[in-house]
Amino acid sequence: MLASALFCFCFGDALDSKLKNLIGERNYKINANFINKIFQDRNLFYTDGKLSMPQIFQTLKNNGLLNLRFQNPQEVSLIFSARTSPILLNRTINDILSSMGYSYFNVQKADYNDGISSIDFHFVTEHAPDPWVILSELEKRGLLSIDVTRHSLQKWEYLLELSSLQIPNSRTISLNEALSLRDISGQYWLNLQEQGKLKISNTQKWYPRVVFFDRNLAIVNSFLSKDSKTSITLKIPQGVSFIMITDFNNTANLKNGISIEFD
C-alpha cells in the first residue's frame, strides 16, 4: 500500500511540474481544481514510466488550457534536439513547419556534438505553433518526443528520439519488385532495406541525379550524370535505407513519372 502511494505521488509530482511549466504557474493555480479533475487518472499520461507529451498536450488543448496566441506578432524560437544527423532533423522540421503554414523561418543556431543534433528555428507569428500538432507530425515521420519544455510562450524546446524514420511521400520497394511513380515535383524518394540493382527509366531523356542515404539521412554515395539518358542501372551500396531520384538539370523532366525495377 505504501509503495503504491509513493508511486502515485511521484507520478503526480512529475506530471504537476510539467503542467505548471507548459501552461504557466499562474494559469495552473487559477485552474487547479479543473486540472486535477481532467488529469485524475494519472496513468493515462505516462508511457513506460515516462510522461506522454502527446497525451498531455491533447488533453490541455481539448480542455481549453493551452493558450498560444499573442496580443501582437512575436518572434518565436523552436529548438529541436535528437540523436540523429543534422540533415535529417533539419529536413524533417522544415517539412513540418511548411505543412503547418509557416513559410518564412530561419535557422538561428545549429549544433552537432557527440551524435546529437540541435537546431533552433526562428520566425515571426501571431501565436506559438501548436505543440500537439508538431508532436503528431513528428511521430508520423518516426521521431518520438522524450520531453517538451516551455521556456516562455515565445520559446519552446523539444527533445526527441528516432524510432524508425519515415519520409513523407516515399515509396517502399523490395527485391524483384517494379514500380511506376509519378510526382509533379520531379523528385522521388524510395525506402529500402536490401542490396541489389536499381534500374530507373523515363520515357524522355533526363540528367540523372541519385543520392543514397543511410537511416539517419546521412549521404552514403551519389550518382550524377551530365549526359542525358533514358535509363540507368545502379548498384545499391551497403547501408542504404533511402534513395532520392531527380533530374540534375531540370526536375520538370521527371514530373510525368518514372519506372523503377529492383533486383
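In what follows, the structure referred to is the one given above.
Residues numbered from 1 in each chain as written. Predicted model: local features only at pLDDT ≥ 70, side-chain atom pairs only at ≥ 80, totals over all residues. Heavy atoms only, no water.

Considerations on the pattern of salt bridges
Applying the stated criterion to the full structure yields 7 salt bridges. Between Asp147 and Lys18 there is a salt bridge, and its shortest N-O distance comes to 2.9 Å. Of this pair, Asp147 sits in strand E6 (residues 143-152) while Lys18 sits in helix H1 (residues 2-23), and the two are 129 residues apart along the sequence. Ionic pairing is found between Lys140 and Glu137, a salt bridge with its closest N-O pair at 3.0 Å. A residue pair is termed a helical-turn pair when its members lie 3 or 4 positions apart in one helix, as Lys140 and Glu137 do in helix H6 (residues 131-140) at 3 residues. According to the relative accessible area criterion, Lys140 is exposed, its value standing at 56%. (Salt bridge = Lys/Arg side-chain N within 4 Å of Asp/Glu carboxyl O. Helix = DSSP H or I, 4+ residues; strand = E, 2+ residues; numbered from the N terminus. Buried < 20%, exposed > 50% of the residue type's maximum accessible area, 1.4 Å probe, protein only.)

Points about the pairing of strand E5 (residues 116-127)
As defined by bridge partners, strand E3 (residues 69-82) adjoins E5 across 10 bridges and the pair is classed as antiparallel. Note on E5: the bridge partner recorded for Ala82 is Ser117. One ladder, built from 7 bridges, connects strand E4 (residues 106-113) with E5; its direction is antiparallel. Residue pairing across strands places Asn106 opposite His122, the latter belonging to E5. (Pairing = 2+ DSSP bridges.)

A look at the nonpolar core
With 52 residues, the main nonpolar core has Ile56, Leu60, Leu78, Phe80, Leu138, Trp156 and Tyr158 as its most contacted residues. Beyond its immediate stretch of four places on either side in the chain, Ile56 contacts Leu15, Leu19, Leu22, Phe39, Phe45 and Leu51. Listed in part, the 21 residues of the second largest apolar core include Leu181, Tyr188, Leu190 and Ile243. (Core = buried A, V, L, I, M, F, W, Y, C linked by side-chain atoms within 4.5 Å. Contact = heavy atoms within 4.5 Å.)

Focus on the sheet that holds strand E11 (residues 197-206)
Pairing is antiparallel across the open sheet formed by 4 strands, whose spatial order is E9-E16-E11-E14. Both outer strands of the open sheet, strand E9 (177-181) and strand E14 (229-235), are each paired with one neighbouring strand and no more. Pairwise comparison of adjacent strand axes, ignoring direction, gives a mean angle of 15° for this sheet. Note that E9 and strand E16 (residues 258-262) share 5 bridges and pair antiparallel. Considered in E16, the bridge of Ala178 is made with Glu261. (Axes fitted to C-alpha atoms, helices over the stretch in contact; angles between N-to-C directions.)

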